[in-house]
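# Fold and contact review
Below, each chain spelled out in residue letters.
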Amino acid sequence: QWDAKIYEQQDQMRSEFLTIRNEAEDLFKRTEHSLNEHKKDWDRAKKKQIKDDMAGLRKAIAKTTPEKLDATSAGLIREAKEHLENTLRTFGELN
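In what follows, the accompanying structure is described.

## Examining the overall build of the protein chain
Secondary structure assignment for the protein chain yields 3 helices and 0 strands. Secondary structure elements of the protein chain occur, N-terminal to C-terminal, as α-α-α. The C-alpha atoms of the protein chain give 16 Å as radius of gyration, which overshoots the globular expectation for 95 residues (12 Å, by more than 25%). The principal-axis extent of the C-alpha atoms belonging to the protein chain is close to 60 × 25 × 15 Å. Per-residue burial over the protein chain gives 29% buried out of 95 residues. Restricting the contact set of the protein chain to residue pairs at least 6 apart, pairs at least 24 apart contribute 71%. Between the averaged position of the 19 positive side-chain charges in the protein chain and that of its 19 negative side-chain charges there is a distance of 7 Å.

## Overview of the pattern of salt bridges
Counting across every chain of the model gives 6 salt bridges. The shortest N-O distance in the salt bridge between Asp 26 and Arg 30 comes to 3.0 Å. With a gap of 4 residues between them, Asp 26 and Arg 30 both fall in helix α1 (residues 2-37), about one helical turn apart. Accessibility expressed as a relative area gives 40% for Asp 26, which makes it partly exposed. A relative accessible area of 43% places Arg 30 in the partly exposed class. Residues joined in a network through salt bridges with shared partners are Glu 23, Lys 81 and Glu 85.

What counts and how
- Residue positions are given per chain, counting from 1 as you read along its sequence in written order.
- In view of the model being predicted, local features appear only for residues whose pLDDT reaches at least 70, and side-chain atom pairs are presented and counted only at 80 or more, with totals across whole chains, interfaces and linings using the full set of residues.
- Side-chain numbers here rest on the full set of heavy atoms in the structure, without hydrogens or water.
- Labels follow the DSSP assignment, with helices taken as runs of H or I lasting at least four residues and strands as runs of E lasting at least two, numbered in each case from the N terminus.
- We take the radius of gyration over the C-alpha atoms and set the globule estimate at 2.2 Å times the residue count to the 0.38 power.
- Any residue under 20% of the maximum accessible area for its type is buried, any over 50% is exposed, and the rest in between are partly exposed; the area is computed with a 1.4 Å probe on protein chains only.
- Contacts were defined at the residue level, with two residues in contact if any of their heavy atoms lie within 4.5 Å.
- Under the convention used here, Asp and Glu are negative, Lys and Arg are positive, and both His and the chain ends fall outside the count.
- Charge coordinates come from a single atom per side chain, which is NZ of Lys, CZ of Arg, CG of Asp or CD of Glu.
- Salt bridges, as used here, are contacts in which a Lys or Arg side-chain nitrogen is within 4 Å of a carboxyl oxygen on Asp or Glu.

Structure representation (structure tokens):
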């Protein structure tokens, strides 16, 4: 019984980590699409800031595979995702 609870908690944490990673990948893809769609409309500073934040997110995601995702890497991904989201909000590109 005790083992089952431990495994259940581990599975739940792993699921949360994978959700963070999947949401980050989705945000990256949507932002990349928007960047390509608006590349002539957005000024250089805006594009540079968004590209820099995207690079940080890509680096955080690439540091680990889904199979080896742990609390530390999930935290780094979450932090990079939130940073990109804040930048997009600042520019009015995310509600």
